Amino acid sequence: MGMIEIEVAGEKLVIHEFDDVYDSVTGRALTGSWLWDSALLLSHWMMIAQGRVEFDFVGKNVIELGAGTGLPGLTAARLGASRVILTDVEPLLPGLKNNVEANGLGDRVEVSRLIWGSDELPSQLGDLGGVDLVLMSDVFFDVAETAALGKTLKRICGEKTVVWAACEVRPWTGDCLNQLVSHGFELVELPSQLSADYGNFSVFRLVQPTQGFESEKEWSMPLLNC
């Protein structure tokens, strides 16, 4: 098990990685138990981009999909979100709970199982009165899974929900993004001053058909041709 410390809003976040988490069906290691660079990128981007995207975390309800070790969601809590739900598959939940407890954020961060495409959503969503922000990092691996993700996004997003996703741009990323477009989402690639540090990574905003880019039109970049 490894441990990484990151400073957020003047305080440290401790992230534990676990090496012994496996898929019960395939026997393969679940890579979500490790901290990936896209999660680091999204966390850092959230810290430096608040003013530019006109999003104030204070008092907001946030859900992270495919949370893995939970860094972006925990970052949102540190930045002032009043309630955060970290979601992933069942075997990764103990590690997520461990990271919530290690950072003393149990009063506002919860952990819940969520299978993309399922009709069953976390019970906590019924208490929120709406989700303000959805976070995702390195979730664009498989086109079929992305279709299921699109279904889940449509169910949890309200008219004003903001969706941010960070990913490493790989040969299949474009196919996954096109799958979300087929579900009615528009995508805009958001500028990042961190690209020199992280290489071939991008941060996207997913926009529902009922939403507009609003002020983001002035500073957004074209969607990656990948």
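What you see is a predicted model; the values in this text were computed from it and never measured.

**Topic: the overall build of the chain**
Across its full length, the chain carries seven helices and nine strands. Within the chain, the proportion of its 226 residues that are buried is 52%. Element-wise, carbon and sulfur atoms account for 48% of the exposed surface of the chain, whose accessible area totals about 10,300 Å².

**Side note on the sheet that holds strand E9 (residues 201-207)**
What the seven strands build is an open sheet, ordered E5-E4-E3-E6-E7-E9-E8; its pairing is mixed. Lying at the two open borders of the sheet, with one neighbouring strand each, are strand E5 (109-113) and strand E8 (186-190). Across the sheet, the mean angle from the axis of one strand to that of its neighbour is 25 degrees, orientation sign disregarded. Of the strands in this sheet, strand E6 (133-137), strand E7 (162-168), E8 and E9 are in contact with helix H1 (residues 37-49), which crosses E7 at around 135 degrees. Where helix H3 (residues 93-102) meets the sheet, it contacts strand E4 (83-88) and E5, and its direction lies at approximately 180 degrees from that of E5.

**Examining the pairing of strand E2 (residues 11-17)**
Burial analysis of E2 places five of its seven residues in the buried class, which makes it a mostly covered element. One ladder, built from seven bridges, connects strand E1 (residues 2-8) with E2; its direction is antiparallel. Directly across from Glu-7, in E2, lies its bridge partner Lys-12. If you look at the hairpin formed by E1 and E2, you'll find two residues sitting between the two strands, and Ala-9 has a positive phi there, around 55 degrees.

**Overview of the packing of aromatic side chains**
Any two aromatic rings considered together are summarised by their centre-to-centre distance and by the angle between their planes. Taken as a whole, this structure holds five aromatic pairs when the rule is applied. Centroid distance Trp-34 to Trp-36: 6.2 Å. Interplanar angle 35 degrees. Geometry classified as tilted. Relative accessible area serves as the criterion here: at 33%, Trp-36 is assigned to the partly exposed category. Ring geometry for Phe-55 versus Trp-164: centroids 5.4 Å apart, planes at 65 degrees, classification edge-to-face. Of this pair, Phe-55 sits in the loop between H1 and strand E3 (61-65) while Trp-164 sits in strand E7, and the two are 109 residues apart along the sequence. Comparing Phe-55 with Trp-164, the two get one shared label, buried. An aromatic cluster is defined as three or more aromatic residues linked by ring pairs; in this entry it consists of Trp-45, Phe-55, Phe-57 and Trp-164. Positioned above the aromatic ring of Phe-55, the side-chain terminus of Lys-60 is 5.5 Å from the ring centre.

**Re the confidence of the model for the chain**
Here the chain averages 86 in pLDDT, and 84% of its residues register 70 or above. In this model residues 213-226 is a low-confidence stretch, pLDDT under 50, and it forms 31 contacts with partners more than four residues away in sequence or in other chains.

**Some details on H3**
Along H3, the positions that sit buried rather than exposed are Leu-93, Gly-95, Leu-96, Asn-99 and Val-100. The arc that holds the buried residues of H3, viewed along the axis, is 160 degrees, so those residues lie on one side. Exposed side of H3, more than 90 degrees from the buried face: Pro-94 and Glu-101 are the residues found there. Summarising the contacts, the buried residues of H3 are in contact with E2, helix H2 (71-78), E4 and E5. Just downstream of H3, Gly-104 is the residue with a positive phi angle, here 65 degrees.

**A look at the pattern of salt bridges**
Applying the stated criterion to the full structure yields seven salt bridges. The salt bridge partner of Arg-113 is Glu-90, with a shortest N-O separation of 3.8 Å. Taken as a pair, Arg-113 in strand E5 and Glu-90 in the loop between E4 and H3 lie far apart in primary sequence, 23 residues in all. Among the residues examined, Arg-113 registers a relative accessible area of 39% and is labelled partly exposed. For Glu-90, a relative accessible area of 45% corresponds to the partly exposed category. Two residues, Arg-108 and Asp-107, come together in a salt bridge whose shortest N-O distance is 3.9 Å. Judged by its relative accessible area of 64%, Asp-107 is exposed. In the salt-bridge network here, residues are joined through shared partners; they are Asp-138, Glu-168 and Arg-170.

Procedures and definitions
Counting starts from 1 at the beginning of each chain's written sequence and moves along it residue by residue. Side-chain atom pairs in this predicted model are given and counted only at pLDDT of 80 or more, local residue features only at pLDDT of at least 70, and totals for whole chains, interfaces and linings cover all residues. To get the side-chain values, take all heavy atoms of the structure and skip hydrogens and water. Each helix corresponds to a stretch of at least 4 residues labelled H or I by DSSP, and each strand to a stretch of at least 2 residues labelled E; elements are numbered beginning at the N terminus. Working definition: with a 1.4 Å probe on protein chains only, accessible area under 20% of the residue-type maximum means buried, over 50% means exposed, and in between means partly exposed. Per-residue and other accessible areas were derived by the Shrake-Rupley procedure at a 1.4 Å probe size, with only the shown protein chains allowed to occlude residues. In this scheme, strands are said to pair when DSSP sees at least two bridges between them. Axes here refer to lines fitted to C-alpha atoms; in helices the fit is confined to the stretch in contact. Angles between the N-to-C directions go from 0 to 180 degrees. We call two residues in contact when some of their heavy atoms are within 4.5 Å. Pairing of aromatic side chains requires ring centres within 6.5 Å, counting the rings of Phe and Tyr and the six-membered ring of Trp. Pairs whose planes differ by under 30 degrees are stacked, by over 60 edge-to-face, and all others tilted. The criterion is that NZ of a Lys, or CZ of an Arg, lies within 6 Å of the ring centre and within 35 degrees of the ring normal, and then a charge sits over that ring. Per-residue confidence from the predictor is reported as pLDDT, a score between 0 and 100. Note: the arc covers the axis-to-C-beta directions of the helix. For salt bridges, the criterion is a side-chain nitrogen of Lys or Arg within 4 Å of an Asp or Glu carboxyl oxygen.

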